[in-house]
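Fold and contact review
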Amino acid sequence: MLLAAGLLLLPALGRAQAPSPAKTATAATASADTVLVVGDSLSAEYGLKRGTGWVPLLEKQIVQEKKSARVVNASISGDTTSGGRSRLASLLAQHKPGVVVIELGGNDALRGLPLDMTENNLTAMTQAAKQAGAKVLLVGMQVPPNYGGAYAATFSGLFGKVAKAEKVALVPFFLKGIADVDDSAAHFQADRIHPNEQSQPKMLANVWPELKKLIK
């Protein structure tokens, strides 16, 4: 899928904030599933007014559809799959999630990290979540063609490769309908990297069809 070369579609590095992971929860019973989101700036509301990102919108969606689940957002701007992997064990122990959403990998590509390392980290995170009794949803990303055709294809394909090998759910492209359209610039903040507030419902719409299947 061809993307605008000017839109990296990845979290910023130098500009990325690294706050403590935001933790939010829907009103739910103690026995409700916990949905743990482990992501980067695309899930950490980078540059957005608090409460307008796709994860807070997910909380509202869960309530609206009368599903019994609470959401913990453990996303940190600038995070990589290595960072996510290093902190996942403590997150699993602390929150005991029934579902883990892994939205990482974009910064790996932006930094030019080896893609086999990204694949290994995603595999390890998926296996750790499964061993902890959680269902897993991998959220895929893509890079623009100026990264090179082979690199772009390998990167976008590794999410599906891990999902297939580990038999877990997959969102093929998180920014579908946002970054792959003719007027894509209108869907991004001024940095042309992070989706704007108006794009957050679409991001949720890309995730929700797969995620809702995993929530009891």
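Preceding this paragraph is the structure being described.
My aim in this report is to walk through the structure given alongside it, one point at a time. (Residues numbered from 1 in each chain as written. Predicted model: local features only at pLDDT ≥ 70, side-chain atom pairs only at ≥ 80, totals over all residues. Heavy atoms only, no water.)

1. Comments concerning the overall build of the protein
The secondary structure content of the protein amounts to six helices and five strands. Counting helices and strands in the order they occur from the N terminus, the protein gives β-α-β-α-β-α-α-β-α-β-α. Put simply, the protein has 216 residues, and 55% of those count as buried. When contacts within the protein are restricted to residue pairs at least 6 apart in sequence, those whose partners lie at least 24 apart make up 82%. For the protein, the exposed surface amounts to about 9200 Å²; the carbon and sulfur share of it is 55%. (Helix = DSSP H or I, 4+ residues; strand = E, 2+ residues; numbered from the N terminus. Buried < 20%, exposed > 50% of the residue type's maximum accessible area, 1.4 Å probe, protein only. Contact = heavy atoms within 4.5 Å. Areas by Shrake-Rupley, 256 points an atom, 1.4 Å probe, with all protein chains shown as cover.)

2. Section: the nonpolar core
The biggest cluster of nonpolar side chains holds 56 residues, and the ones touching the most others in it are V35, L36, W54, V101, F174, L175 and L211. It is helix α5 (residues 149-166) that contributes the most residues to this core, six residues altogether. (Core = buried A, V, L, I, M, F, W, Y, C linked by side-chain atoms within 4.5 Å.)

3. Description of helix α4 (residues 115-131)
Over its 17 residues, α4 runs 24 Å from end to end, which matches the ideal 24 Å to within 8%, given 1.5 Å per residue. Along α4, the residues classified as buried are L115, T118, E119, N121, L122, T123, A124, M125, T126 and A129. The inward-facing, buried residues of α4 abut β1 (33-39), α2 (81-95), β3 (99-103), α3 (106-110), β4 (135-139) and α5. Where α4 terminates, the next one or two residues include G133, which has phi positive at roughly 90°. (Expected span 1.5 Å × (residues − 1).)

4. Section: the pattern of salt bridges
Here the structure, examined in full by the defined rule, presents five salt bridges. One salt bridge connects D79 with R87, and the closest N-O pair in it is separated by 2.7 Å. Relative accessible area serves as the criterion here: at 15%, R87 is assigned to the buried category. In this structure, E119 engages K161 in a salt bridge whose closest nitrogen and oxygen atoms are separated by 3.3 Å. Of the two residues, E119 sits in helix α4 while K161 sits in helix α5, which places them 42 residues apart along the sequence. (Salt bridge = Lys/Arg side-chain N within 4 Å of Asp/Glu carboxyl O.)

5. Thoughts on the environment of E103
Take E103: it is sitting in strand β3. By relative accessible area, E103 is classed as buried at 2%. Engagement of the side chain of E103 in a polar contact is seen with the backbone nitrogen of D40, the distance being 3.1 Å. (Polar contact = N/O pair within 3.5 Å; in protein donor to acceptor, adjacent residues only side chain to side chain.)

6. Looking at unusual backbone geometry
Look at K66: it is not a glycine, yet its phi comes out positive at around 55°. Following the sequence through the fold, K66 ends up in the loop between α1 (54-64) and β2 (69-73). Its relative accessible area of 75% is what places K66 among the exposed residues. Unlike most non-glycine residues, K167 shows phi in positive territory, near 60°. With respect to the helices and strands, the residue K167 is situated in the loop between α5 and β5 (169-171). K167 sits in the exposed class, given a relative accessible area of 75%.

These figures capture arrangement, not role.
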